[in-house]
Amino acid sequence: MEGIAESMASNVESMQISVGISRKIADMQKLATELHSRAYLSAFFSTAKYQDANHIFDVQVALRNHGNTPAYDVTFKTVAQIVPAPLTEDFAFPLTDEAAGTSVSLMAPGAMRVITRNVSDKVPDDQVEGIKRGLPPRCLAMWGLVNYRDAFKEKRYLRFAFTVAWIPWVEGLGKDKDGNPLPEVVMSYDTARHNDAD
């Protein structure tokens, strides 16, 4: 009898270990499924316009869902501003209620949305060239916060920030085959902070 009791106790202990291992495997499989299936939003620079007689500076950012399920209840706040160049270490990337988008939406897998923001005012004409080049003391920047919910009802966020500069052509190379001037190339540069997601 004593041997049977010991054997049963050993079996119970083995089953408990086996159940614990099975639970860990199931939890890992659930996590892997969620990570593979969930929505993943990203933001990337699309284009920008510089100030001239007819325009003020503006920037476009594209949001895209790279995941395999929809992103639900998508909201965003974004700002385009002329800021100090280079950005100071304590720059706060402020987002006011006026920066909020006007809709709450769903983004299907692969869907993309383009958001355009203008700076609030024209800058003095003699500052336009320096801002275009991203040179001190000021440059053009855009930043934002996107909130959404994934298919597993988890709240998610995306923060992004970048500066924008137009790259001048080397003299004589900025022309097409007919000698017409080519538009300058515009590029973005991610900031060291305010670029993260969960």
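You'll find the structure just up there.
Residues numbered from 1 in each chain as written. Predicted model: local features only at pLDDT ≥ 70, side-chain atom pairs only at ≥ 80, totals over all residues. Heavy atoms only, no water.

Draft legend 1. Structural context of the overall build of the chain. Each helix and strand counted, the chain has 2 helices and 9 strands in total. In the chain, the succession of α and β elements from N to C terminus is α-β-β-β-β-β-α-β-β-β-β. Across the 198 residues of the chain, 30% fall into the buried class. A separation threshold of at least 6 residues defines the contact pool for the chain, and within that pool the share at least 24 residues apart is 70%. For the chain, the computed accessible surface area is about 12,400 Å², with 56% contributed by carbon and sulfur atoms. (Helix = DSSP H or I, 4+ residues; strand = E, 2+ residues; numbered from the N terminus. Buried < 20%, exposed > 50% of the residue type's maximum accessible area, 1.4 Å probe, protein only. Contact = heavy atoms within 4.5 Å. Areas by Shrake-Rupley, 256 points an atom, 1.4 Å probe, with all protein chains shown as cover.)

Draft legend 2. How the structure looks around the side chain of Gln51. Relative to the assigned elements, Gln51 resides in the loop between strand E1 (41–49) and strand E2 (58–65). Among the residues examined, Gln51 registers a relative accessible area of 4% and is labelled buried. Engagement of the side chain of Gln51 in a polar contact is seen with the backbone nitrogen of Val123, the distance being 2.8 Å. Within polar-contact distance, the side chain of Gln51 engages the side chain of Asp125 at 3.5 Å. Setting aside chain neighbours within four positions, we find Gln51 in contact with Ile56, Phe57, Lys122, Val123, Asp125 and Val128. (Polar contact = N/O pair within 3.5 Å; in protein donor to acceptor, adjacent residues only side chain to side chain.)

Draft legend 3. Layout of the packing of aromatic side chains. Applying the stated criterion across every chain, the model contains 7 aromatic pairs. Seen in terms of ring centroids, Phe57 and Trp166 are 6.1 Å apart; in terms of plane orientation they differ by 50 degrees. Their pairing is tilted. Placement of Phe57 in the loop between E1 and E2 and of Trp166 in strand E7 (residues 155–167) is noted, with a sequence separation of 109 residues between them. According to the relative accessible area criterion, Phe57 is buried, its value standing at 0%. Arranged with centres 5.8 Å apart and planes meeting at 80 degrees, the rings of Phe93 and Trp143 form a pair that is edge-to-face. Taken together, the residues span a long stretch of sequence, with Phe93 in the loop between strand E3 (71–84) and strand E4 (105–107) and Trp143 in strand E6 (residues 138–149) at a distance of 50 residues. You'll find Phe93 and Trp143 in the same group, each marked buried. Taken together, Phe45, Phe160 and Phe162 form an aromatic cluster joined through their ring pairs. The ring of Tyr40 carries Arg38 above its face, with NZ or CZ at 4.1 Å from the centroid. (Phe/Tyr/Trp six-rings, centres within 6.5 Å; stacked < 30°, edge-to-face > 60°. Lys NZ or Arg CZ within 6 Å of the ring centre and 35° of its normal.)

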